[in-house]
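Okay, here's what each chain looks like letter by letter:
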Amino acid sequence: MIPHSFLQDLLSRVDVVEVVGRYVQLKKGGANFMGLCPFHNEKSPSFSVSPTKQFYHCFGCGAHGTPINFLMEHAGLTFPEAVNELAQSVGLTVPQEPRAGGDGRDGAQWKQATGLVDRMKTASDYYRTALKASPKAIAYLKKRGLSGAVARDFALGYAPEGWQNLEQAFDDYQAEALVEAGLVLVSEKTDAQSGTARRYDRFRDRVMFPIRNVRGQVIGFGGRVLDGGEPKYLNSPETPLFNKGSELYGLFEARLAIREKGFVLVVEGYMDVVALAQLGFPNAVATLGTACTPVHVQKLMRQTDTVVFSFDGDKAGRRAARRALDACLPHAADNRTIKFLFLPAEHDPDSFVREFGTDAFGYQIEQALPLSQFLLNEIVADKPLDQPEGRAKALFEAKPLLTALPPNAFRTQVVHMLADRLGVPFGEVAALCGIDGAVQRAVRDAPEKAARRRVTGTEERALRNLVMYPRSGVAIGEDELAALHYAARREIFEEVLTHIRALGDAADFRLLSEVLRNTANAPVYEEIFREILTYDENVRDLLLGSETEGSVERYQEQERMAGEELRAALAKLHYDALRERCDRLSRQSKLTSEETTEYADLLRQTADLRRRLAPVAVRD
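Residues numbered from 1 in each chain as written. Predicted model: local features only at pLDDT ≥ 70, side-chain atom pairs only at ≥ 80, totals over all residues. Heavy atoms only, no water.

> Explain the overall build of the chain here, please?
Within the chain, the secondary structure is distributed over 26 helices and 16 strands. Residues classed as buried in the chain amount to 49% of the 620 residues present. For the chain, the share of sequence-separated contacts (at least 6 apart) that also reach a separation of at least 24 residues comes to 66%. Approximately 29,900 Å² of the chain is accessible, and the part contributed by carbon and sulfur atoms is 50%. (Helix = DSSP H or I, 4+ residues; strand = E, 2+ residues; numbered from the N terminus. Buried < 20%, exposed > 50% of the residue type's maximum accessible area, 1.4 Å probe, protein only. Contact = heavy atoms within 4.5 Å. Areas by Shrake-Rupley, 256 points an atom, 1.4 Å probe, with all protein chains shown as cover.)

And the structure:
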């Protein structure tokens, strides 16, 4: 777990304008910088970056946060990765402290993974050098139509024939770290002289494709044989650095092209990615010898709102497409486009482009099957829809697919399409599939200005005030804390207060929001953040406006008022709970002596709380 104090120090040293400016073209506009939002499509800049508050906010889609959150959302980094990248940029080392009740293994695992990165870089450099010295490997790449420039861009290499070539790269070839990194294998046989287990290189006589994470670090390798040997492709095993179910080959190299072209193309092999980059499609990525997973889709959606999957037209390609469809369904938002391209069985993307040209392949991409149509085709395939049995089977198979979709306008349209295809009323399809016609607002949608004033319940207002003005929670007394026992969101309140106390005097909305995003309740907090920045213009102005003497005083006054309202809200929760108990007792026909004593005590407590709440009611 990363200490709160370190996050405070880190955010005080980094410059949000510099971090965001690496990816977004910013122009000075008053006290802030403005640019086109990287999180949604827009023609007029609504993305504001405040250098004084070290915070960004989009007035169009509501995206917001600190430099840490920007790297997580835009570059696809995890919280620890984003913190580590920012720390390295300002010369800091990220400390680790064990989680409550833990044994410190999180920090040890992080240090282990960090050490393996250096090993992988050394191996990658060795393979690249070996490629330059191998006429056989160079001839193979030229035969596949790859240039030296694209081989350089993707850091291609060659693992020579032989059993222990990496001894030339590592003085400590016997180190356990080489096994942990997946570079070396340990044999069951022992060395006759030393008596220790024999070791040998995992990759031998293969063209090497380094797999890089979104930070550009080599975390694994894919190796392809030069002749007809098996297996054709060999991947690194699962390691502390590498998980093939969550990584995509070529994503690091394709990030800029994905944004320039407006979509990502997902293909099936390393060679397709590299070849397509050379042939005019540098926005291609590939899964790593495994089916597309929801984690893959989530990573892709952090880069773009449009994903096109390209599969071979044979049975294996269709099966892979179906697995990709299943992975995409939970991410099918109204503002996203997902398509499926099926090439002729005799072609992969590389061979298709070389035979028919880039324009022909571009046309195939444009004509790719939308997710809605592919989904419908899968539901009705091979079913006699003119018979009740066929329609019933289609509805049976549709249910898990439709329920996997978010309850939005897209799902409603798909249900309409299915109802029309089956000749069954929309309501009947929805009922049989266990869904309703309700459509939820997309998370990124910004409401109209007229609808931005919102009244919430006592508990919700108290929680929002606590998050908006964290220091207001420092002065909460023991009596008021006891009222949290009656809160429906008791766990959330207690977690927020725990982090506020840990942050101390440095607690503010900007820093607290970053900490809360790295908790198990992050989705709950994200909704609170969005509501605050959407409905509370005062908070938004204070976060993005230039800091003046007047603004500081205004913030302090609002913080004081928020504290009063928070304490009053907790008292109201306590009062309502006591009144409810009083009402239950008063409705009983007869009270025991203990209940009579309790009832009198409750009346005394509620009268006391009513007097404390009266001034607040007058102000309201």
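> Is there a simple way to explain unusual backbone geometry in this structure?
Trans peptide bonds make up most of the peptide bonds, and negative phi angles are found at most residues other than glycine. One non-glycine residue, Asp 205, lies in positive phi territory at about 55°. Considering the arrangement of structural elements, one finds Asp 205 in the loop between strand E8 (197–201) and strand E9 (206–212). What makes Asp 205 buried here is its relative accessible area of 15%. The backbone of Asp 382 sits at a positive phi, close to 60°, despite the residue not being glycine.

> For this particular structure, what's the right way to read the pattern of salt bridges?
Pairing of side chains with opposite charge becomes possible as their charged atoms draw close. Summed over the entire model, instances satisfying the criterion amount to 20 salt bridges. With a closest N to O distance of 3.2 Å, Asp 583 and Arg 579 form a salt bridge. Of this pair, Asp 583 and Arg 579 both sit in helix H25 (residues 549–586), 4 residues apart, which is roughly one turn of the helix. We classify Asp 583 as partly exposed; its relative accessible area is 29%. Taking relative accessible area as the criterion, Arg 579 reaches 28% and is therefore assigned partly exposed. (Salt bridge = Lys/Arg side-chain N within 4 Å of Asp/Glu carboxyl O.)

> Before we go on, may I ask you to explain the packing of helix H16 (residues 388–404) against helix H17 (residues 409–422) in this structure?
Between H16 and H17, the least distance of the axes is 12 Å, while the angle of their chain directions is 175°. Between H16 and H17, the angle falls in the class roughly antiparallel. Within the contact between the two elements, H16 uses Arg 391, Ala 394, Leu 395, Ala 398, Leu 402 and Thr 403 and H17 uses Arg 411, Val 414, Val 415, Leu 418 and Leu 422. A class-by-class count of the residues in the contact of H16 with H17 yields 8 nonpolar, 1 polar and 2 charged. (Axes fitted to C-alpha atoms, helices over the stretch in contact; angles between N-to-C directions. Parallel < 35°, antiparallel > 145°, perpendicular 65-115°, else oblique. Nonpolar A, V, L, I, M, F, W, Y, C, P; charged D, E, K, R; others polar.)

> I'm lost on the side chain of Asn 465 in this one. Help?
With respect to the helices and strands, the residue Asn 465 is situated in helix H19 (residues 458–468). Residues contacting Asn 465, with those up to four places away along its chain left out, are Ser 472, Ala 562 and Glu 565.

> For this particular structure, what's the right way to read the state of the cysteines?
By definition, a disulfide links two cysteine residues through a covalent bond between their sulfur atoms. Using the criterion set out here, one finds 0 disulfides in the structure. Left without a disulfide partner, Cys 37 is nearest to the cysteine sulfur of Cys 58, which lies 3.6 Å away. Looking at Cys 37, the relative accessible area reads 6%, which means it is buried. (Disulfide = S-S within 2.5 Å.)

> Explain the sheet that holds strand E2 (residues 32–35) to me, please; I cannot follow it from the model alone.
Sheet strands pair via backbone hydrogen bonds, and the direction of the pair is either parallel or antiparallel. Taken in spatial order, the 5 strands make up an open sheet running E1-E2-E3-E4-E5, and their pairing is antiparallel. The outermost strands of the open sheet, each flanked by one partner alone, are strand E1 (27–29) and strand E5 (64–65). The sheet contact formed by E1 and E2 spans 3 bridges and is antiparallel. If you follow Lys 28 over to E2, its bridge partner there is Phe 33. (Pairing = 2+ DSSP bridges.)

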